[in-house]
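The lines below spell out each chain.
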Amino acid sequence: MRSLATALFLLTAAPAWGQAFEAALLGGFATPGGLDPQAAGITKLRLDGGFTWGASAGWHFSPRLGAEVSWTRQESALSIGTARGQAEMFEVDLDQLQASLVWRFGRAQARLRPFVSAGLGAAFLSGPDLEGETKLALNLGAGLQWLPARRFGARLQARYAPTFLNDSGSDYCDPFGFCQSWLHQLELTGGVVVRF
């Protein structure tokens, strides 16, 4: 009898659950990550900015609070500059997998809902002929979600996404450490939202 009652509860609650899940496809731009030059004669050292894309999936526990998992990818390069000019040293792919808490403002039925988010995860750095590395990544974000229909909408967000490189005190700086403590970047993305 208890199993039947549980099954009936789950079936009647399914429509409410359906509105709690959201998925988004995102695309945008990641700003260059400026790095502190560590050698004499080097005037500029940075991880180039560029197109970034990804996806997210979230579950909202209440009309305001939710949790989200996101993945983003940026194809970039490490650029170096001297008084004579600048050049690209090597290509870098930066993938980030993060878990975040999301707080939405406004009424649950509102079409426009601002939100803030914060979370942590991992950044995966890789490049041709280089051994990949995994680093700690954080994020702080804010944005606006527009839901003109019950199941579809759009989302814009700005997210500060620093990566902890932890190589500033090392005698040997590996290619993805860049002899730095942190890599600081800002992501500006937008995309479509689907509610299930």
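Residues numbered from 1 in each chain as written. Predicted model: local features only at pLDDT ≥ 70, side-chain atom pairs only at ≥ 80, totals over all residues. Heavy atoms only, no water.

This part takes up unusual backbone geometry. For aspartate 129, which is not glycine, the phi dihedral falls at a positive 65°. You can see aspartate 129 is positioned in the loop between strand S7 (112–127) and strand S8 (130–146). (Helix = DSSP H or I, 4+ residues; strand = E, 2+ residues; numbered from the N terminus.)

Before going further, it helps to examine empty space enclosed by the protein. Going through the model one piece at a time under the given rule, you end up with 3 cavities of 30 Å³ or more. Around the largest cavity sit 14 residues that line it, and Glu22, His60, Glu68, Gln145 and Arg155 are the ones nearest its centre. When residues of the lining of the largest cavity are traced back to their parent elements, those giving at least two are strand S1 (21–30), strand S4 (50–60) and strand S6 (85–104). With 4 residues, S4 is the largest single contributor of residues to the lining of the largest cavity. Taken together, the residues of the lining of the largest cavity sort by class into 6 nonpolar, 4 polar and 4 charged. The computed volume of the second largest cavity comes to approximately 70 Å³. (1 Å grid on protein atoms, 1.4 Å probe; cavity = no way out; pocket = protein on both sides within 12 Å on 5 of 7 lines; lining within 4 Å. Points joined across faces, edges and corners; volume = space filled by probe spheres on them. Nonpolar A, V, L, I, M, F, W, Y, C, P; charged D, E, K, R; others polar.)

It is worth spelling out the pattern of salt bridges at this point. Counting across every chain of the model gives 8 salt bridges. A salt bridge links aspartate 95 to arginine 73; the shortest N-O distance between them is 2.7 Å. Pair noted here: aspartate 95 is in strand S6 and arginine 73 is in strand S5 (residues 65–82), with a separation of 22 residues, a long-range link. Judged by its relative accessible area of 11%, aspartate 95 falls in the buried class. Between arginine 159 and glutamate 187 there is a salt bridge whose closest N-O contact spans 3.0 Å. With arginine 159 in strand S9 (residues 152–160) and glutamate 187 in strand S12 (residues 186–195), the pair connects residues that are 28 residues apart, well separated along the chain. Connected through salt bridges with shared partners, the residues Arg73, Glu75, Asp93 and Asp95 form a single ionic network. (Salt bridge = Lys/Arg side-chain N within 4 Å of Asp/Glu carboxyl O. Buried < 20%, exposed > 50% of the residue type's maximum accessible area, 1.4 Å probe, protein only.)

On to the confidence of the model for the protein. Confidence in the prediction for the protein averages 84 pLDDT; 82% of positions are at 70 or higher. In the predicted structure, residues 7–18 sits below a pLDDT of 50 and forms 5 contacts with residues beyond four places in sequence or in another chain. (pLDDT = per-residue confidence, 0-100. Contact = heavy atoms within 4.5 Å.)

This brings us to the packing of aromatic side chains. The full count for this structure, using the stated rule, is 3 aromatic pairs. Ring centres of phenylalanine 51 and tryptophan 53 lie 5.6 Å apart, and the angle between their planes is 25°; this geometry places the pair in the stacked category. Classification of tryptophan 53 by relative accessible area gives partly exposed; the value is 29%. Arranged with centres 4.8 Å apart and planes meeting at 45°, the rings of phenylalanine 164 and tryptophan 182 form a pair that is tilted. Taken together, the residues phenylalanine 164 in strand S10 (residues 163–164) and tryptophan 182 in strand S11 (residues 182–183) connect sequence positions 18 residues apart. Given a relative accessible area of 28%, phenylalanine 164 falls into the partly exposed group. On the basis of relative accessibility, which here comes to 30%, the residue tryptophan 182 falls in the partly exposed class. (Phe/Tyr/Trp six-rings, centres within 6.5 Å; stacked < 30°, edge-to-face > 60°.)

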